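Take a look at the letters that make up each chain.
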Amino acid sequence: MKLKDLAARIGGAAIGDGETEILRLNTIEAAGPGDLTFIANPKYAARLDASRASAVIVKAVPAGQSRNFLVHDDPYYAVALALKLLCPAPGAQIQPGIAASARVDASAQIGSGVHIGEFVEIGADTRIGDGSRIMTGCVVGRNCRIGNDSQLYPHVVVYDECLIGSRVAIHAGTVVGSDGFGYATHAGVHHKVYQIGRVRIEDDVEIGANCTIDRGALNETVIGSGSKIDNLVQIAHNVRIGRGCIIVAQVGIAGSTVLGDYVVLGGQVGLVGHLEIGSGTRVSAQSGVTKSYSGGDYGGTPARPMREYREIEAHVHRLPQRMDELKRLKSEVEELRKQLAEMRRP
Amino acid sequence: MKLKDLAARIGGAAIGDGETEILRLNTIEAAGPGDLTFIANPKYAARLDASRASAVIVKAVPAGQSRNFLVHDDPYYAVALALKLLCPAPGAQIQPGIAASARVDASAQIGSGVHIGEFVEIGADTRIGDGSRIMTGCVVGRNCRIGNDSQLYPHVVVYDECLIGSRVAIHAGTVVGSDGFGYATHAGVHHKVYQIGRVRIEDDVEIGANCTIDRGALNETVIGSGSKIDNLVQIAHNVRIGRGCIIVAQVGIAGSTVLGDYVVLGGQVGLVGHLEIGSGTRVSAQSGVTKSYSGGDYGGTPARPMREYREIEAHVHRLPQRMDELKRLKSEVEELRKQLAEMRRP
Amino acid sequence: MKLKDLAARIGGAAIGDGETEILRLNTIEAAGPGDLTFIANPKYAARLDASRASAVIVKAVPAGQSRNFLVHDDPYYAVALALKLLCPAPGAQIQPGIAASARVDASAQIGSGVHIGEFVEIGADTRIGDGSRIMTGCVVGRNCRIGNDSQLYPHVVVYDECLIGSRVAIHAGTVVGSDGFGYATHAGVHHKVYQIGRVRIEDDVEIGANCTIDRGALNETVIGSGSKIDNLVQIAHNVRIGRGCIIVAQVGIAGSTVLGDYVVLGGQVGLVGHLEIGSGTRVSAQSGVTKSYSGGDYGGTPARPMREYREIEAHVHRLPQRMDELKRLKSEVEELRKQLAEMRRP
């Protein structure tokens with residue numbers, strides 16, 4: 001695609017030779033002829049000099065540069081749009097049809113244009129919407145619903161009764177609907193509390209690989225529409241995640257905690273159970289959240305408001321010097337006391 | 001089931017209309033006619049007013065309430081018992097039989113009433129006890145033993161030689177018996193130390209989804225009877241977990257660490273290797289345990305006795321004020337010193 | 001094998017009866033006749049008295065001991081070597097051949113002596129080198145390369161286009177090549193940034209169970225030769241890991257971070273994205289690395305040089321006493337001030 005056409009289609013402006021043919025996206029370092037690259041962060045502009053890219057997506061043309069640019073208000077968004085124009089969509093090469101080895105229950109309802117891969121099992125009464133792709137080795141239990149144009153990568157397991165929306169992507173090895181961790185301990189025995197709820201994943205959600213999303217104890221665990229979850233994340237029973245949340249890898253959310261919309265949890269964050277986390281709340285990586293918060297930025301274990309956390313961290317960092325000062329001050333006070341006592345002596 | 005009959009069978013007392021028909025359990029908010037709900041924590045009693053539940057499990061009837069109750073000494077245990085009476089047991093709907101696509105080695109011994117699902121592989125000399133359910137896509141290696149009435153959810157992988165007891169449940173994607181992480185580094189090369197031990201999981205254990213339980217280096221990694229393990233937990237080689245332990249999601253236990261009985265580890269806790277953790281020890285979420293402890297509660301990284309941890313945390317929290325005080329004190333002492341020097345001047 | 005022969009083959013010396021027949025390795029406690037055991041750490045030498053082992057690998061014969069020893073400069077390396085002589089290599093019992101249920105694309109090129117297990121799928125244009133073992137239920141996508149003598153344990157998923165070297169072992173449930181976590185948020189919508197790169201795993205790498213290794217956004221995620229990765233580890237897109245690194249369980253490395261050679265990351269460590277971690281850097285368990293470092297030991301969240309971290313931790317540990325001292329000092333200064341004021345009174 002010509003640079004000028006690409007720019008027009010993604011709402012940017014071509015600077016330089018708009019006729020330049022763009023074949024693919026690449027990194028600044030690896031790009032060569034035919035490659036479009038990008039600078040999302042102006043501090044990397046110096047790397048441009050050495051780049052052999054045919055054109056560069058930027059927010060503004062750096063001073064003194066005379067190469068081809070695609071100027072866009074939101075460079076990273078421009079990258080996303082350019083990739084959509086230049087590359088096939090994930091799963092686009094997967095052909096509709098049901099593999100010979102797949103075991104699809106006779107009562108299951110499979111939409112049109114659906115792909116059911118090898119060694120897949122689809123349980124009784126389950127419905128799969130048009131255009132969805134259930135890849136090799138997936139197991140979808142009984143009475144599940146999967147919407148349209150969703151993609152389950154290989155070896156995803158969906159337990160009975162779970163609901164998955166449209167345009168949902170779930171990466172390999174993720175388990176949806178496993179039992180929540182509920183036991184009633186009585187006379188030294190941990191009695192299992194049957195987990196009879198389900199999981200409901202709304203539209204446009206993407207979930208990474210090898211995550212675990214437990215079913216509700218009595219009703220639902222919910223992942224709200226447009227939320228994105230990274231790899232190896234644990235979502236416990238009854239958790240409700242709002243719309244547009246971003247949950248980075250290895251986060252764990254304990255039972256019955258509720259997140260509002262657009263909550264951002266950094267990698268390896270943990271949330272205890274029964275919290276209410278308001279919309280827009282952001283938690284930095286590895287923090288441990290033990291209280292409910294309604295918006296704002298938090299960090300540390302136990303998590304505190306980010307400004308407070310940073311202030312405390314700075315003090316902790318200076319503790320060795322401060323404790324030396326305290327020690328010296330003790331000596332000084334002792335010395336003053338002696339002098340004073342001497343002066344008061346009759 | 002009538003409320004009065006249910007109460008009688010679980011050792012509680014029906015208050016109000018004992019003839020009320022109870023069909024299922026539900027949450028306070030979602031419950032409607034036919035639903036039994038519960039208040040395990042009296043602080044939620046206020047929510048009762050708005051509930052449409054037909055009856056409520058409580059420890060004691062709240063003042064001024066005139067609806068149907070099921071009074072039980074241990075409400076959460078009562079919930080567990082009621083669910084067992086009103087709902088089918090997990091796996092109850094799974095039919096005995098060996099799926100056509102399953103590959104069961106001719107030398108394997110399969111008990112009566114066993115379910116072997118689609119795309120399952122059972123290795124040579126492996127024995128599976130009566131009533132166990134090996135669900136879709138599980139792989140059980142050579143010379144393994146699985147007891148009676150155990151359930152392996154889809155895609156569980158059990159490596160060769162591992163032992164699993166009776167009434168054990170292992171959720172989807174969990175790996176039992178993978179190699180421990182053992183290398184002898186010599187002249188810059190990490191030489192693999194063959195892991196020739198096994199895993200032994202005792203009776204009545206439940207293990208969550210996508211966990212990893214490594215085989216012993218030379219002998220056994222052990223999960224003691226009645227212990228319950230949540231999702232995404234890592235158990236390293238030679239670890240020995242006692243009876244009745246509770247291990248919450250994303251915990252990691254390093255090699256050769258030994259837990260006594262009824263140890264409780266909160267979510268994302270890490271234990272270094274070669275520790276001995278006594279029976280009844282409890283560790284709060286995200287803590288990092290670096291020493292052996294014999295009972296008691298611990299928190300923090302490195303973990304300390306809980307009282308000490310809380311005291312230190314409180315001091316850390318107040319560091320900004322205290323360090324201000326220290327600064328002011330320095331000025332005051334400096335001022336006093338000046339005054340004193342002035343007075344001593346001849 | 002006779003003790004003297006074993007000693008000769010692994011570069012050690014037999015002390016005592018070199019004719020003693022050695023059948024296997026075992027722990028000090030469990031060893032019996034025919035068993036060789038070892039003491040890698042001299043502090044465990046006291047346990048020797050009770051051991052029934054036929055011989056013991058040691059660095060030096062403990063004083064006053066008169067049993068059979070195999071003396072070796074590097075006892076743990078000697079254990080690794082002895083195991084290689086006495087036990088079959090991992091996967092040695094797996095027979096070459098393609099299982100009847102496997103689905104191997106007609107365009108795939110399968111080397112000689114390759115094992116393709118039951119329910120395996122191999123995609124178009126993929127090449128698998130001589131002697132490699134692709135165990136039950138693995139899914140290898142299109143246009144992948146796997147070298148010689150590598151082993152994929154059951155249910156490993158390799159997405160399209162990924163490269164895996166020779167003598168690589170990947171344990172069950174690990175996912176290689178899943179999409180990196182990349183979204184461009186525009187007008188409240190998280191737009192997926194297609195992940196069009198790949199994963200390249202070099203020779204002699206071992207990866208544990210249920211790990212996730214994301215493909216590069218535009219080019220490669222790399223695991224360098226001889227590096228060893230434990231279970232449940234998350235490697236994000238564009239990460240580059242050097243040679244000989246050791247990455248313990250549940251570590252998470254965020255996007256575009258680069259590790260040099262022989263970096264050691266303890267369990268549950270997290271690294272934020274876009275860091276450069278120099279060769280030989282070591283990070284203690286549960287630490288959170290937020291800055292680039294070039295070698296040395298680090299600990300804590302945020303991670304600091306280990307000496308500094310330990311010093312700060314010691315001060316934090318003593319905060320209760322120090323803050324008591326601060327309080328007393330305040331009283332003393334107040335008292336001195338009063339005395340001084342009194343003396344200055346005319």
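Since we're looking at a predicted model, the values are computed, not measured.

S.K.: Tell me what's going on with the sheet that holds strand β4 (residues 55-58) of chain B, and back it up with residues and numbers.
M.R.: Residue and element names in this part refer to chain B. Across the sheet, five strands lie side by side as β1-β5-β4-β3-β2; this open sheet has mixed pairing. The open sheet terminates on both sides in strands that have one partner only, identified here as β1 (13-15) and β2 (24-25). In this structure, β4 lies alongside strand β5 (residues 69-71), joined through three bridges in parallel fashion. Bridging across to β5, Ile57 finds its partner in Leu70.

S.K.: Which residues make up the packing of helix α1 (residues 3-10) of chain A against helix α2 (residues 75-86) of chain A, and what values go with them?
M.R.: Residue and element names in this part refer to chain A. Contact geometry for α1 and α2: axes closest at 10 Å, N-to-C directions at 120°. Crossing hand, α1 versus α2: right-handed. Listed contacts from α2 to Leu6, Arg9 and Ile10 of α1 are Ala78, Leu81, Ala82, Leu85 and Leu86. When grouped by side-chain class, the residues that make up the contact of α1 with α2 number seven nonpolar, no polar and one charged.

S.K.: Give a detailed account of the pattern of salt bridges, specifying residues and quantitative values.
M.R.: Scanning the model with the defined rule gives 54 salt bridges over all chains in all. For the salt bridge of B:Arg167 with B:Asp204, the shortest nitrogen-to-oxygen distance reads 2.7 Å. Of this pair, B:Arg167 sits in the loop between β17 (163-164) and β18 (169-170) while B:Asp204 sits in the loop between β22 (198-201) and β23 (206-207), placing them 37 residues apart in sequence. You can call B:Arg167 partly exposed: its relative accessible area is 45%. As a salt-bridge pair, C:Glu29 and C:Arg47 come within 3.2 Å of each other at their nearest N and O atoms. Separated by 18 residues along the polypeptide, C:Glu29 in the loop between β2 (24-25) and β3 (35-38) and C:Arg47 in the loop between β3 and β4 (55-58) bring together distant segments of the chain. The exposure class of C:Glu29 is exposed, given its relative accessible area of 57%. By sharing partners, the salt bridges in this structure join A:Arg198, A:Arg200, A:Glu202 and A:Glu220 into a single network.

S.K.: Any chance you could break down the pairing of strand β20 (residues 183-186) of chain C for me, citing the residues and the numbers?
M.R.: Residues and elements named next belong to chain C. Of the pairings in the sheet, the one linking β20 to strand β21 (residues 189-192) comprises four bridges and is antiparallel in character. Along β21, the bridge assignment pairs Thr185 with His190. Count of turn residues in the β20/β21 antiparallel hairpin: two residues, of which Ala187 carries a positive phi of about 50°.

S.K.: Break down the packing of helix α3 (residues 306-317) of chain C against helix α4 (residues 319-344) of chain C for me, citing the residues and quoting the values.
M.R.: What describes two packed helices is the angle between their axes and the distance between those same axes. All names here are of chain C. It is at 5 Å that the axes of α3 and α4 come closest, and there the two elements cross at 60°. Compared by their axis directions, α3 and α4 come out oblique. Across the interface between the two elements, His315, Val316 and His317 from α3 touch Leu319, Pro320 and Gln321 from α4. In terms of residue class, the contact of α3 with α4 is built from three nonpolar, three polar and no charged.

S.K.: Give me the interface of chain C and chain A: which residues, what numbers.
M.R.: Often the size quoted for an interface is simply the accessible area lost on bringing the parts together. Tallying the contact residues gives 71 residues for chain C and 63 residues for chain A. Run the count over chain C and chain A and you get five salt bridges. A salt bridge links C:Arg103 to A:Glu118; the nearest nitrogen and oxygen atoms lie 3.1 Å apart. Viewed at the interface, chain A and chain C are joined by 32 residue pairs in polar contact (both at pLDDT 80 or more). Counting only elements with at least two residues in the side of chain C that touches chain A, the list comes to β19 (175-178), β20, β21, β24 (212-214), α3 and α4 of chain C. Here the side of chain C that touches chain A is built from residues that sort into 30 nonpolar, 27 polar and 14 charged.

S.K.: Tell me about the side chain of B:Ser132, residues and numbers included.
M.R.: All names here are of chain B. Along the chain, Ser132 turns up in the loop between β11 (127-128) and β12 (133-134). Among the residues examined, Ser132 registers a relative accessible area of 0% and is labelled buried. Beyond its immediate stretch of four places on either side in the chain, Ser132 contacts Gly113, Val114, His115, Ile146, Gly147, Asn148, Asp149 and Ser150.

S.K.: So what's going on with the relation of the copies chain B and chain C? Which residues, and what values?
M.R.: Turning chain B through 120° and shifting it by 0.0 Å along the axis lays it on chain C, with an RMSD of 0.1 Å. Both copies are brought into coincidence by an operation consistent with a three-fold rotation axis.

S.K.: I'd like to hear about the interface of chain B and chain C, residue by residue, with values.
M.R.: The partner chain C presents 63 residues to the 71 residues of chain B that form the contact. The shortest N-O distance in the salt bridge between B:Arg304 and C:Glu313 comes to 3.3 Å. The interface formed by chain B and chain C holds 32 residue pairs in polar contact (both at pLDDT 80 or more) in total. Every element with two or more residues in the side of chain B that touches chain C is listed here: β19 (175-178), β20 (183-186), β21 (189-192), β24 (212-214), α3 (306-317) and α4 (319-344) of chain B. Residue contributions to the side of chain B that touches chain C peak at 13 residues, all from α4(B). Of the residues contributing to the side of chain B that touches chain C, the split by class is 30 nonpolar, 27 polar and 14 charged.

S.K.: I'd love a proper account of the packing of aromatic side chains, names of residues and values included.
M.R.: Per the counting criterion, the structure on display carries 15 aromatic pairs over all chains. Relative to B:Phe119, the ring of A:Phe119 has its centre 5.6 Å away and its plane inclined at 75°; by these criteria the two rings are edge-to-face. Residue A:Phe119 is located in the loop between β9 (115-116) and β10 (121-122), and its partner B:Phe119 is located in the loop between β9 (115-116) and β10 (121-122); the two belong to separate chains. For A:Phe119, a relative accessible area of 5% puts it in the buried group.

Conventions we followed
- For every chain, the first residue of the written sequence is number 1, and numbering continues from 1 along that sequence.
- Going through the entries in the order they are written, you letter the chains from A and number the ligands from 1.
- This being a predicted model, a pLDDT of at least 70 is required before a residue's local features are given, and a value of 80 or more before pairs of side-chain atoms are given or counted; all residues contribute to the totals for chains, interfaces and linings.
- The side-chain values count all of the structure's non-hydrogen atoms but skip hydrogen atoms and water molecules.
- Note on pairing: DSSP must find at least two bridges between two strands before they are called paired.
- Going along the chain from the N terminus, every DSSP run of H or I of four or more residues is numbered as a helix, and every run of E of two or more is numbered as a strand.
- To obtain an axis, a line is fitted to C-alpha atoms, over the contacting stretch when the element is a helix, and the angle between two such axes runs from 0 to 180 degrees between their N-to-C directions.
- Should the near helix be turned anticlockwise from the far one by less than a right angle, the crossing is termed left-handed; should it be turned clockwise, right-handed.
- By definition, residues are in contact when any of their heavy atoms lie within 4.5 Å.
- Note on residue classes: Ala, Val, Leu, Ile, Met, Phe, Trp, Tyr, Cys and Pro are nonpolar, Asp, Glu, Lys and Arg are charged, and everything else, Gly too, is polar.
- Each salt bridge in this description consists of a side-chain nitrogen of Lys or Arg and a carboxyl oxygen of Asp or Glu lying within 4 Å of one another.
- Relative accessibility decides the category of a residue: with a 1.4 Å probe and only protein chains considered, values under 20% of the type maximum give buried, values over 50% give exposed, and everything between is partly exposed.
- Geometric relationships in this document are graded by angle, where less than 35 degrees denotes roughly parallel, more than 145 denotes roughly antiparallel, 65 to 115 denotes roughly perpendicular, and other angles denote oblique.
- Here a polar contact is taken to be a pair of N or O atoms separated by no more than 3.5 Å, where protein atoms must pair a possible hydrogen donor with a possible acceptor and residues adjacent in sequence count only if both atoms sit in side chains.
- Residues below a pLDDT of 70 in either copy are left out; the C-alpha atoms of the rest, at least 70 in both, set the least-squares superposition of the copies.
- Ring pairs are drawn from Phe, Tyr and Trp, using the six-membered ring of Trp, whenever the two centres fall within 6.5 Å, and their geometry is named by plane angle: stacked under 30 degrees, edge-to-face over 60, tilted for the rest.

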